[in-house]
Amino acid sequence: MGNGKSSGRLAIRKEVSPIHVSSLTSLDEFARIAKNCEIIEASTSGLLLFIKRDDLIPAVLRKNLSIDCLVGNRVFMHLDQMNLELSGIIKRTQFLGKKGYHIAVDYSEEAPEYWRECLVDLLPNPGEFD
């Protein structure tokens, strides 16, 4: 890291107890993309969401194995348990077979770093509320 070269990921990921996201909405198209998502990992720059295929709202997304068409979309999400709203940009998607999809959202441009650090610290560790 000290050589001035940047590796892909700089922020340390934290696995979290799933945080319910009631909806994921495109700010570019003003349309809901998915409902009932879960944040499963977080860092100070991004969130990793798990979405079941049935929870994708547009039929065109439910019918395809790839949802890469979402990459680059600005999105808005509501974290129910924290009564918090976040926005960011979808950076990548991954098909997980019958389980569903992962969607990585970068929210680093939308909030100051100290705020993002506090958010990651507040997110519950796996099993913390079991």
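Rules used throughout
- Residues numbered from 1 in each chain as written.
- Predicted model: local features only at pLDDT ≥ 70, side-chain atom pairs only at ≥ 80, totals over all residues.
- Heavy atoms only, no water.
- Helix = DSSP H or I, 4+ residues; strand = E, 2+ residues; numbered from the N terminus.
- Rg over C-alpha atoms; globule rule 2.2 N^0.38 Å.
- Buried < 20%, exposed > 50% of the residue type's maximum accessible area, 1.4 Å probe, protein only.
- Contact = heavy atoms within 4.5 Å.
- Areas by Shrake-Rupley, 256 points an atom, 1.4 Å probe, with all protein chains shown as cover.
- Salt bridge = Lys/Arg side-chain N within 4 Å of Asp/Glu carboxyl O.
- Patch = residues over 30% accessible without salt bridge, like charges linked within 9 Å, V, L, I, M, F, W, Y side chains within 5 Å.
- Lys, Arg positive; Asp, Glu negative; His and termini not counted.
- Charge placed at Lys NZ, Arg CZ, Asp CG, Glu CD.
- Arc of directions from axis to C-beta.

Engineer: In this structure, what is going on with the overall build of the protein? I would like to understand it.
Structural biologist: Regarding its fold elements, the protein presents two helices and six strands. Each helix and strand of the protein, ordered N terminal to C terminal, gives the series β-β-β-α-β-β-β-α. What you see for the protein is a C-alpha radius of gyration of 15 Å, in line with the 14 Å of a compact globule of 130 residues. Taken over 130 residues, the protein has a buried fraction of 39%. Long-range contacts, defined here as pairs at least 24 residues apart, represent 56% of the contacts in the protein between residues at least 6 apart. A total accessible area of about 7,800 Å² is found for the protein, and carbon and sulfur atoms account for 51% of it.

Engineer: Please explain the pattern of salt bridges as it appears in this structure.
Structural biologist: Should their charged atoms come close, side chains of opposite charge can pair. In this structure the tally under the stated criterion is two salt bridges. Close ionic contact of Glu-41 with Arg-13 constitutes a salt bridge, the shortest N to O distance being 3.2 Å. Here Glu-41, found in strand S2 (residues 31-42), pairs with Arg-13, found in the segment before strand S1 (14-26); they are 28 residues apart in sequence, far enough to count as distant. On the basis of relative accessibility, which here comes to 22%, the residue Glu-41 falls in the partly exposed class. Judged by its relative accessible area of 37%, Arg-13 is partly exposed. For Asp-28, the salt bridge is made with Arg-74, and the minimal N-O distance between the two is 3.8 Å.

Engineer: Would you mind showing me how to read a positive patch on the surface here?
Structural biologist: On the surface, Arg-32, Lys-35, Arg-62 and Lys-63 cluster together into a patch of positive charge. Along the polypeptide, Lys-35 turns up in strand S2.

Engineer: Teacher, can you tell me more about helix H2 (residues 113-122) here?
Structural biologist: Owing to its 3.6 residues per turn, the α-helix aligns residues three or four sequence positions apart on the same side. Regarding H2, the residues found buried are Arg-116, Leu-119 and Val-120. Projected down its long axis, H2 carries its buried residues within an arc of 95°, all on one side. Relative to its buried face, H2 has exposed residues pointing more than 90 degrees away, namely Tyr-114, Asp-121 and Leu-122. Considering only its buried residues, H2 is in contact with S1, S2 and strand S5 (84-95).

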